[in-house]
Amino acid sequence: MKEALIGDIGRYAAHDGPGIRTVVFFKGCPLCCPWCHNPEFIAGRPEIAFYPERCIGCGDCRDLCPETALTVDRIARLDRSRCTGCGLCAAQCPARALEQVGKIFAVEELDALLRRDILFYETSGGGVTLSGGEPTAQLAFCGELLQRLHRQGIHTAMETNGLFVWDDFRAACLDHLDLILFDVKIADPDTHRRITGVDNTLIFANLARLAAAALSSLRALQGGKNRPPGGRGSAPKAPGPGGAARLAAIFYRHRYG
Ligand code: SF4
Ligand code: SF4
């Protein structure tokens, strides 16, 4: 049984691909960009979010914590250096001042959840987008999930930073993706390394490989060997000959470099 650590699931999204979509935010990312929109999904482990304005100071969390990471003085205080993210406190907090970020899902469980919105995908030309964090950091799970979604004719997209082993990505995911949204952070290698903490050589190599795969797929579509991607009923029922038919590279403008 394949499992993954998921940070959140967003329904009725309109900005992560065509139509109305459900977005799966994987938890864990090998980059550490200072402008990250979802910093709570960078660490690849469960974490605790604390909302002090909700806390009523009841002390239940302090009494439950096996790591003595919580003290209460009018409101709770969390010592993150002691917290393991076990979630015991969040499960019992009566005011929802503590919430666990990151939950393990089995692929069957997530597949069933995503199918709840199939009517919205059908009527809007939407589908499912894998995002994060970085979905390819949990590649085998992504591959099986995408395969299941495609079998049901659901349009699939992935937002990625491009830092993956190409052969593994191609084997697990490429043929089951209709759209790849490739986030290019910084072109200059030294600045990329300084700002994100990671070398970008592999990222640009993967962008070039994906562009070649998308071109080959489009040529096959033009040749009538495959059907175009779209909503249920029009997405390929079998893997496309060149992988994802559409690749969008997103180049960020920011003040770094
Ligand atoms: S259990 Fe919740 S409401 Fe009570 S002290 Fe802890 S954080 Fe605050
Ligand atoms: S998540 Fe677990 S270790 Fe962390 S504060 Fe809550 S009960 Fe303690």
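Quick note: structure is the one above.
Residues numbered from 1 in each chain as written. Chains lettered and ligands numbered in written order. Predicted model: local features only at pLDDT ≥ 70, side-chain atom pairs only at ≥ 80, totals over all residues.

### Description of the overall build of the protein
Worth spelling out the cut-off: A helix here means a DSSP run of H or I that spans at least four residues, while a strand means a run of E at least two residues long, and both kinds are numbered starting from the N terminus. It is the C-beta atoms, placed from the backbone, that decide contacts: two residues are in contact if theirs lie within 7 Å.
Helix and strand counts for the protein come out as eight helices and 11 strands. The contacts in the protein between residues at least 6 apart in sequence include a share of 68% that link residues at least 24 apart.

### Describing the site of ligand 2
Basically, it comes down to this: Note on definitions: a residue is near a molecule or strand provided its C-beta atom, placed from the backbone, lies within 6 Å of it. The classification used treats Ala, Val, Leu, Ile, Met, Phe, Trp, Tyr, Cys and Pro as nonpolar, Asp, Glu, Lys and Arg as charged, and all other residues, Gly among them, as polar.
As a structural note, the neighbourhood of ligand 2 is formed by 14 residues, with Cys-65, Cys-83, Cys-86, Leu-88 and Cys-89 the closest of them. Split into classes, the residues belonging to the shell around ligand 2 amount to 10 nonpolar, three polar and one charged.

### Focus on the nonpolar core
Selection criterion: What we call a nonpolar core is a set of buried Ala, Val, Leu, Ile, Met, Phe, Trp, Tyr and Cys residues whose membership is set by joining through C-beta atoms within 7 Å. Whether a residue is buried, exposed or partly exposed is read from the other C-beta atoms within 10 Å of its own C-beta, which are placed from the backbone; 20 or more gives buried, 12 or fewer gives exposed, and intermediate counts give partly exposed.
One finds Ile-6, Val-24, Phe-26, Cys-142, Cys-173 and Leu-177 to be the most contacted residues of the largest nonpolar core, which totals 37 residues. Among the nonpolar cores identified, the runner-up in size contains 12 residues, and Cys-61, Ala-69, Ala-76 and Cys-89 belong to it.

### Side note on unusual backbone geometry
Residue Gly-132 is joined to Gly-133 through a cis peptide bond whose omega torsion reads 15°. Relative to the helices and strands, Gly-133 is located in the loop between strand S8 (127–131) and helix H5 (139–151). The phi dihedral of Thr-68 is positive, around 45°, even though this residue is not glycine. Take Thr-68: it is sitting in the loop between helix H1 (60–64) and strand S4 (70–73). You will see that Arg-74, though not glycine, has its phi angle at about 75°, which is positive. Structurally, the position occupied by Arg-74 is in the loop between S4 and strand S5 (75–78).

### Considering the site of ligand 1
Around ligand 1, the structure places 14 residues, and the nearest of them are Cys-55, Cys-58, Cys-61, Cys-93 and Ala-97. Across the shell around ligand 1, the residue classes tally to 11 nonpolar, two polar and one charged.

### Some points on the packing of helix H3 (residues 107–115) against H5
Basically, it comes down to this: Axis lines are fitted through C-alpha atoms, for helices just across the contact stretch, and the angle between N-to-C directions can take any value from 0 to 180 degrees. Throughout this description, any angle smaller than 35 degrees is read as roughly parallel, any larger than 145 degrees as roughly antiparallel, any in the 65 to 115 degree range as roughly perpendicular, and the remainder as oblique. By convention, the crossing between two helices is left-handed when the near helix turns anticlockwise from the far helix through less than a right angle, and right-handed when the turn is clockwise.
Across the interface, H3 lies against H5 with an axial gap of 10 Å and an inter-helix angle of 40°. Looking at the two axes, H3 sits oblique to H5. Here H3 runs over H5; the crossing is right-handed. Contact with H3, carried on its side by Val-107, Leu-110, Asp-111 and Leu-114, involves Phe-141, Glu-144, Leu-145, Arg-148 and Leu-149 of H5 and no other residues of that element. Grouping the amino acids of the contact of H3 with H5 by side-chain chemistry returns six nonpolar, no polar and three charged.

### Observations regarding H5
The following threshold applies: Between the first and last residue of a helix there are one fewer steps than residues, each counted as 1.5 Å, and that sum is the expected span.
The terminal C-alpha atoms of H5, which comprises 13 residues, lie 18 Å apart, in line with the 18 Å expected from a rise of 1.5 Å per residue. Buried residues of H5: Phe-141, Cys-142, Gly-143, Glu-144, Leu-145, Leu-146, Leu-149 and His-150, and no others. Looking at the buried residues of H5, the elements they touch are strand S1 (3–13), H3, S8, strand S9 (155–160) and helix H6 (166–172).

### Observations concerning the pairing of S1
Under the convention used in this document: Here the rule is simple: two strands pair whenever DSSP picks up at least two bridges between them.
Relative to strand S7 (residues 103–106), S1 is paired through four bridges, and the arrangement is antiparallel. Each bridged residue has a counterpart across the sheet, and for Leu-5 the counterpart in S7 is Ile-104.

### Re helix H8 (residues 201–222)
Two residues of an α-helix separated by three or four positions point the same way, owing to the 3.6 residues in each turn. Convention followed: Picture the helix axis, draw a direction to every C-beta atom, and the arc is the one those directions span.
Taking 1.5 Å of rise per residue, 22 residues should cover 32 Å, and H8 covers 32 Å from first to last C-alpha, within 8% of that figure. Within H8 the residues assigned to the buried category are Ile-203, Asn-206, Leu-210, Ala-213, Ala-214 and Ser-217. For H8, the angular spread of buried residues about the axis comes to 105°, placing them on one side. Residues Thr-201, Ala-205, Ala-208, Leu-215, Arg-219 and Gln-222 are exposed on H8 and point more than 90 degrees away from its buried face.

So yeah, pure geometry; function would need other evidence.
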